[in-house]
Every structure is written in structure tokens, then in C-alpha cells.
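# Structural overview
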Amino acid sequence: MKQYLLVALLFASTHIMAQEAIEYQVPPKEIYDLVMAKPTPGVSFDSKGQNMLVLERSSMPTVEDLAQPELRIAGLRINPNNFSPSRSAYFTAITIKELASGKEFAVAGLPANLKAGNLQWSPDEDKVALTNTSNSTVDIYVITIKTHKAVKINKAAVNLVLGAAFDWIDNNSLLYTAVNKPLSMAPKKPLAPKGPTVQENLGKVAASVTYQDLIKNPFDESQFEFYGTTQLIKNTNGVETKIGAPAIYSSASISPDKKYLLVERIDKPFSYLVTAGGFNSTMLITDMNGTTVKQLAKLPSSELAPTGNDNVLNAPRGFNWLDNFAATVQWIEPLDSGLIKKKMDYHDAAYTLEAPFTGAPKELVKTAQRMYNISDVNTGLYFVTEGSRAKHRQKMSKLTADGKMEVLIDRSTDDAYNDPGSPLTEKNKFGRNTIKLVNGAEIFMRGIGASSKGDLPFLNVFNINTKETKQLWRCEEPYYETVTDVLDFDKLIIVTNKQSQTDPPNYYVRNLKDNSAKAITAFADPQPGLRGITKQKITYKRKDGVDLAADLYLPKGYDPKKDGPLPVMMWAYPREFKSAADAAQLRGSKYTFTRIGYGSIIFWATQGYAIMDNTEFPIVGEGDKQPNDNFVDQLAWSAEAAINKVASMGVGDSTRVAVGGHSYGAFMTANLLAHTNLFKAGIARSGAYNRTLTPFGFQNEERTYWQAPEVYNAMSPFMFADKIKTPLLMIHGEADNNPGTFPIQSERLYNAIKGHGGTVRFVQLPFEAHGYAAKENILHMLWEQNQWLDKYVKHAGGNYVK
């Protein structure tokens, strides 16, 4: 049976607009072979460094797979047949590898058609639990590492509709949410509704992001309640015990001493404006039988949250157990009613409440900025993180038992060169991961190591008393090597992932004391068709003085003196900065091994193009200025500088340049075509083009349309559709689920350009979300892009090949 793709196109030979059903196409063989390459396996280590799981990844699903029944409600996409998310990647095979001997063992007892996910080691790391998803159910299997055998432990089908699959209680017991009622009891859609759908607001400010897949009517409400309602289960060696009554549990977290559960339960009424994560809910502490011990808070719907990057819902948030206490819950509350612009010394406070939860909450700390997180390092030391998203600032302080707080790190979140990294953790006496503290003062920090030479990842020790940093290890040129695990903090034995331009990524065990390294994987090159393509990190400056960079890929065997300048394909995604100096920092590494996924533009290096990937388009707004105040101008400056650079190198033909991007990169592309004449063609995938349809903010823009209408209008390429005369290929998933990038955004821009006589082609991919998945759709997308580039860039003036 042939499958068809609806494509709206403008015929090259006439001005007649038409829709045509065409069969799925495939790109040239070089591109086809690359995109169809078998994925490199994943790995998972135990913390003792004894065993490693080698995990074979699933290949692309088919369109038929995506066409299976799917419910889109409350911001969720549900497979109604098995009570799980409808779109997931899986592991299809699992092998156990002993790191000392190098021996590999197949796992017996797993299903033949394995679709594994949610892998989690037991506290003693002698077992691994995982979910297996079939067409009708989700089950839990437990692998015993020593015997290399797996057994299915559940009788009640697992419910994954609202997320978390399971958690280990102890080495023999698991906590999970189970299906409450059989599928036969699912609500049936009435032929006609009982009345109209009515929404009402009585004077409350309720500005909402433009979410997709929301509840729209009473039937949606009944479906969400049916599929979201679960029964908490404790499973000990295959024996299931119900915990409490069925409810819509969005989370259930076990206390460190295993005596209590911290539960969030979703309550009615359900919102029609926000997703399930923002519904009314109740925070509860229960015992392990499900009996309520303490109701902590009734949380209102997030539709009442004020707009603005540093504003929050006027309600408690961030409930969690402190890791180094037997049973102490901690949370954060705003002191400013959630409005950061209120003049106050402190905007947030954190509170704790310890078992048996009968006393009054204790104030732990207050912060001058919005509080992000509290990590208890031990019972007398905490790390407190606060900051401002609007100002691009973040601060980490240490809090001691006497209530004194001292700043450890205060930095711009855009300043990659001075990023100190993230603290590493190890298991405490409760089996929970907490920050590793050595000699009462030193913590291990792992980071990407951005520098003027590019990223050179590191492992450092940071002294929280002296604030001095000591480097333990750093990646050496010409490699890109990252720290993935620390197996022994005392002996300084780590696991790294190492690659270079010629060596595919593989894992190594490194002993930092004797500087030895042993390879523990030997994954082959998954895409040999890319070898010979050269990569370099190029730098240049735009007209306002901001330094920029891009990854330049050139075809195998290319000689600029003999072959001359090439057609250029530029791919980018704009990013906002509050500092021109931060924007100018070099990011990424020139030493990575080139591997590409379906969305990459590097495919076209095999077709004779010079590729500028990760082309930097910083949008800078220093001081009181906002980055978007001159968004379009900054786009043009960056584009012009990039084109001039490759032209000056003699490798790029400045008269044959295309630009493209996905999502915000598509938005950028349409703006560049509307406001410049720098390009021969554009490719815009899954973008938003009319910012009046995202009126309460977008990306990092926190002003609303009514506060800054001139900004929204100036940034909307839809408003300048009559100026878009450069050929534009638009691609959009028919089932896009990303806030703001509704498919109608592409539909309306296509119609507007068409209505003004522009050259435009609109391809809508059946069943695809914001990111694409189905093999047929991906191959056809690559074909469309290849045809567009060949006609309008490489062979400008040629015929469109069907």
C-alpha cells in the first residue's frame, strides 16, 4: 500500500498554486546511507566500576508506527492501549560486560521484541530494573547481574502516563504506579456533547504560554482522569502490595529512611490553559501504607503564575526530601507574592519540616534573588543556588548549621570561560546521591572547559573555604574527552568518553594517579561515509565588534585552488546574551568526531557544499537594553559576517548561500529572508513566524505583546511576508507539540508569501511532532532539502526535479 505526503507547492513554470499528493521520496545514496546507519550503543556503569551495560538503541519508527492510536490531552501524548507515552526511544538489546575481564554476557529472560527503558540500578547495584513496553502493556523486568538473567516481576500493568516509571525502595522492593482500571472501562466519546464548552475568568490575572494538546472539553477531562489515575504499588520479590487509594499521582518520592512517601496528587478542576504539570494539586506526606501523615500544601493551577522570567506562582514549590536526613522535607516559598520587581531584601525563603511532621516548619534560609535549589552536602552544610534568568546571573553559596551563608560562585550564566562546572556526587548512608566532600572542604567539579582554544573538559577540586581551584585532569588536544563517571574518588579512577576528528567516541577507565588509561569499549565508526570531510572552527567579527565562530565542513578531497568556491549552506539557532564579551566566547570543540543525526545539515558536505554549522547568531542586549530590541539588525550583521568569512577564505561562493534552521532557527531564517538579500534560498523547519500568536512571551523574551508591541511586530516575519522573495522551503510536523510552534504558523506564512507572489514550498509531515521520528518522513525531508538546495543554490535557475 502506498503512503502519501501532502505537499503544497508553487509550480516553477506557472503562477498556479496547487496541492499535490506525491509518494515518499528518498535522498541521494550518500545521505540515505548516513541517516540509516545503525546507532552507536549506549552504556550504563555501576558506581563500583565492576560492570557495564551495553545498550543497543532502537532505529527509526515507521509512519505506520506513528499512526497508531494516540491521545493528546493535558499536554500529554498517550498510547491509550498500554497507558504509556506514545512516542519514546527504546533499547532493543542489553549485554552485561565485566570491566576487569572484558567478558560480555547476553541477558536471558528478556522479551524477544525488547523495548526497554527507564533503567535503574538497585541500591547495592547487584540488579538492574527496567520497563518493557509492548502494544498492550508496560512491564517491569529485573536483571540479576551475577546470573545474567531477567525476570518479569509485576502482575499489575505499569502506568507511565504521568512520567516516572518506578523507584527502588530497597534491594528487593520497587515502588511504581499501576493501571487502575482495565482499558474496557475507558470513557466512550459521546456522539454529541451535553452542552457547549465554557471557560470563565473572574478578574484574576491568568496569562498563559501557548501550550498545545490541552484539555478542551468535558470528554477530554474524563479521559485524562481515566488514564492518569493510578494505584501505587510496592513490589517485594514479585509480591505486590497496594499503597493507599487510587488517585492521579504526578509524583511519589521515598524518604531516605524508607518510612514515608512525599506525594503530589493532581486535583480537580483540570485546567484548559496549562498542561498537567500545572494543574491544581495537593502535596502530601504518607506512610508506606498510604495513610496521610501530613498535608503540606494545596497548590493552585500554574495558569495563575505571572509572566516574566523571574516571576513565579505565589505558592510553595520545589518540594523534596533532604538527602542526608532520615525524613526531612524541604521546599521554597516566594516572599514577594511571586513578583520579582517588588522592592525587598529577600525574595524567597526555604523551609524544612522533619518527621513526625507535627511541628511548625523551620526557616532554613532566605535569598535576595530567586532561589533555584538547595543541596544538603551533610547534616550541617548546604549549597544554595539562586539567580536571575532575566539578568543571566547565577550564584552558589554555602550555608552552615549556624545560619551563616557565604558566596562561593557568582557568575554570568553566559560566561562559558568561567563556568566552574558541577559538583560530583556519591552515595551516602541512605543510598542517595549527595555531593562528595573531601577533608571537610573540597568538592569535585566536572565541566566542559570552554576556552579560547575551544572546549577542553576538566575535573577539578574546589575548596569551599579558600575558594581555590586545583586541576586534577583536563582533556588534551587534539582530543575531546569528557568525564562521565568517577569510580573511586580516593584512588582517582574515572571513566571518560574520548574522541578526536579521526577516532569515534569510546569509553576509557583512567587512573589519574599513574596517568594510565584503558579502553573499555571499541565502538566502530557508524558513518564511514563522512570520513574525509574536513572540519575546522573558524572565527570572525561582525560589524559591531562581537567575535563570532562557526564549524566549517568541506567535502572530501576538496581543493579550493583547483575547485574554486563552493555553494554554502549555513545552519543556526540564535541565542540571547546580556554581555557582548560573553557572546564573543568560543564554544564547542574542533576535535569532535563527526557524527550526524537526521536533522543535521552536514549531510550536504557529501553533495559538494561548504557547510557552516553552529553558525553563531548572538542577540546581545547590555545593561537596560533587551536583546530583542534590535533583533533583526543583529541577525543581518551575523549573517553578513559569516558569508564574508567563507568568501575571504576562498571556499564559499558569496552569491550562492542558503540559510536554515529548526524552531527558533526557522524563525531566524524567515526574518533573514524578509529583511536581507544575502541568500539564494532558505529552509525553515517547524518555526513560529507571527509573534502576536505567542503574546505572553517567547524564547527568552519576557515582555508581553501589550508591553512591547513594536518588538513583537518587528520580529514577526509574517508581518513582512510581502518582502520574502528569496525561495523558502517550509517544513512542519503535522502534530507539532512544542509551545508556540503550532502548524498554523507555517500554514499562515506560506499563504501570506504565496499571496504576494513569493517562491515558497510547504511540506507537512504526517504525524510528526516538533522533532521528527518516522523513517519515511525523515528520508522525504532530506530529499526535499536536497532538491531545494540543488535548484536554488547549487544550480540556480535549473528545473525542480520530481
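Below is a summary of the structure that appears in this document. Predicted model, so just to flag it, every value in this text is computed and none were measured. (Residues numbered from 1 in each chain as written. Predicted model: local features only at pLDDT ≥ 70, side-chain atom pairs only at ≥ 80, totals over all residues. Heavy atoms only, no water.)

### A look at the overall build of the chain
Helix and strand content of the chain: 10 helices and 50 strands. When the backbone C-alpha atoms are referred to their principal axes, the chain occupies close to 75 × 75 × 60 Å. A burial count over the chain gives 53% of its 802 residues as buried. Partitioning the contacts of the chain with sequence separation of at least 6, the portion at a separation of at least 24 is 57%. Just so you have it, the chain exposes about 34,900 Å², and 50% of that area is on carbon and sulfur atoms. Looking at charge distribution, the chain has the averaged site of its 88 positive side-chain charges lying 2 Å from that of its 83 negative ones. (Helix = DSSP H or I, 4+ residues; strand = E, 2+ residues; numbered from the N terminus. Buried < 20%, exposed > 50% of the residue type's maximum accessible area, 1.4 Å probe, protein only. Contact = heavy atoms within 4.5 Å. Areas by Shrake-Rupley, 256 points an atom, 1.4 Å probe, with all protein chains shown as cover. Lys, Arg positive; Asp, Glu negative; His and termini not counted. Charge placed at Lys NZ, Arg CZ, Asp CG, Glu CD.)

### Concerning the packing of helix H6 (residues 631-648) against helix H7 (residues 664-675)
The contact between H6 and H7 brings their axes to 10 Å, and the two run at 85 degrees. In terms of orientation, H6 lies roughly perpendicular with respect to H7. Between H6 and H7, the residues in contact are Phe 631, Val 632, Leu 635, Ala 636 and Ala 639 and Tyr 664, Phe 667, Met 668, Asn 671, Leu 672 and His 675, respectively. Class assignment for the residues of the contact of H6 with H7 results in nine nonpolar, two polar and no charged. (Axes fitted to C-alpha atoms, helices over the stretch in contact; angles between N-to-C directions. Parallel < 35°, antiparallel > 145°, perpendicular 65-115°, else oblique. Nonpolar A, V, L, I, M, F, W, Y, C, P; charged D, E, K, R; others polar.)

### Here we look at the pairing of strand E6 (residues 76-79)
Both faces of the sheet carry side chains from a regular strand, because those side chains alternate between them. Burial along E6 is two-sided: the residues Leu 76 and Ile 78 and Arg 77 and Asn 79 are all buried. Strand direction decides the pairing type here: strand E5 (residues 71-73) and E6, joined by three bridges, are antiparallel. What sits directly across from Ile 73, in E6, is Leu 76. Inspection of the sheet shows E6 paired to strand E7 (residues 84-85) by two bridges, in the antiparallel sense. Residue Asn 79 lies in a different strand from E7, and its bridge partner there is Ser 84. (Pairing = 2+ DSSP bridges.)

### Re the side chain of Thr 229
Within the secondary structure, Thr 229 sits in the loop between helix H3 (218-228) and strand E16 (230-236). Polar contacts involving the side chain of Thr 229 include one to the main-chain carbonyl oxygen of Glu 225, which spans 2.5 Å. Among residues more than four places away in sequence, those in contact with Thr 229 are Asn 159, Ala 178, Asn 180, Phe 224, Pro 246, Ala 247 and Ile 248. (Polar contact = N/O pair within 3.5 Å; in protein donor to acceptor, adjacent residues only side chain to side chain.)

### As for the sheet that holds strand E28 (residues 393-400)
Spatially, four strands are ordered E26-E27-E28-E29 in an open sheet, and the strand pairing comes out antiparallel. Looking at the sheet topology across the chains shown, the edges are occupied by strand E26 (370-378) and strand E29 (405-412). Taken over all neighbouring pairs, the strand axes of this sheet differ in orientation by 20 degrees on average, direction set aside. Bridge analysis of strand E27 (residues 381-388) against E28 gives eight bridges, and the strand direction is antiparallel. Pairing of Tyr 382 across the sheet is with Leu 399, part of E28.

### So, the pairing of strand E15 (residues 173-179)
Of all seven residues in E15, seven are buried, a share of seventy percent or more. Bridge analysis of strand E14 (residues 166-170) against E15 gives four bridges, and the strand direction is antiparallel. If you follow Asp 167 over to E15, its bridge partner there is Leu 175. Joining the antiparallel neighbours E14 and E15 is a turn of two residues. With seven bridges joining them, E15 and E16 adopt antiparallel strand pairing. Within E16, the position partnered with Thr 177 by the bridge is Leu 232.

### Here we look at helix H9 (residues 743-755)
Given a rise of 1.5 Å per residue, 13 residues ought to cover 18 Å, and the 18 Å separating the end C-alpha atoms of H9 matches this to within 8%. Among the residues of H9, Pro 743, Gln 745, Ser 746, Leu 749, Tyr 750, Ala 752 and Ile 753 are the ones counted as buried. At the C-terminal side of H9, Gly 757 shows a positive phi close to 80 degrees. (Expected span 1.5 Å × (residues − 1).)

### Regarding unusual backbone geometry
The linkage connecting Lys 268 with the following residue, Pro 269, adopts the cis geometry, with an omega of 0 degrees. Take Pro 269: it is sitting in the loop between strand E19 (260-266) and strand E20 (281-287). Put simply, Ala 355 and Pro 356 share a cis peptide bond, and its omega is 10 degrees. One non-glycine residue, Phe 83, adopts positive backbone phi at about 55 degrees.

### Some remarks on the nonpolar core
Counting residues in hydrophobic clusters, the biggest one holds 56 residues, and the most contacted among them are Met 570, Met 612, Phe 679 and Leu 749. Ranked by size, the runner-up nonpolar core spans 32 residues in total, among them Ile 533, Tyr 553, Ile 601 and Tyr 609. (Core = buried A, V, L, I, M, F, W, Y, C linked by side-chain atoms within 4.5 Å.)

### So, a nonpolar patch on the surface
Nonpolar side chains collect at one region of the surface, where Val 26, Tyr 32 and Met 36 lie side by side and expose about 230 Å² of accessible area between them. Residue placement: Met 36 occurs in the loop between helix H1 (29-35) and strand E3 (42-45). (Patch = residues over 30% accessible without salt bridge, like charges linked within 9 Å, V, L, I, M, F, W, Y side chains within 5 Å. Salt bridge = Lys/Arg side-chain N within 4 Å of Asp/Glu carboxyl O.)

### Overview of the packing of aromatic side chains
The relative placement of two aromatic rings is captured by the distance of their centres and the angle of their planes. Summed over the entire model, instances satisfying the criterion amount to 25 aromatic pairs. Between Phe 226 and Tyr 227, the aromatic rings sit 5.0 Å apart at their centres with planes inclined by 90 degrees, giving edge-to-face as the arrangement. Here Tyr 227 falls in the buried class, since its relative accessible area comes to 5%. Ring geometry for Trp 788 against Tyr 792: centres 4.6 Å apart, planes inclined by 55 degrees, an arrangement best described as tilted. Of this pair, Trp 788 and Tyr 792 both sit in helix H10 (residues 775-794), four residues apart, roughly one helical turn. The residues Trp 788 and Tyr 792 share a single accessibility class, namely buried. Taken together, the ring pairs in this structure connect Tyr 573, Phe 631, Tyr 664, Phe 667, Phe 696, Phe 698, Tyr 705, Trp 706 and Tyr 712 into an aromatic cluster. One residue, Lys 498, lies across the ring of Tyr 508, its end atom 5.5 Å from the ring centre. Of note, Arg 691 hangs over the ring of Phe 698, and the distance from its end group to the ring centre comes to 4.3 Å. (Phe/Tyr/Trp six-rings, centres within 6.5 Å; stacked < 30°, edge-to-face > 60°. Lys NZ or Arg CZ within 6 Å of the ring centre and 35° of its normal.)

### Concerning H6
Across its 18 residues, H6 extends 26 Å between first and last C-alpha, which sits within 8% of the 26 Å expected from 1.5 Å per residue. Regarding H6, the residues found buried are Phe 631, Val 632, Gln 634, Leu 635, Ser 638, Ala 639, Ala 641, Ala 642, Ile 643 and Val 646. A positive backbone phi angle near 80 degrees is found at Gly 650, which sits one or two residues after H6.

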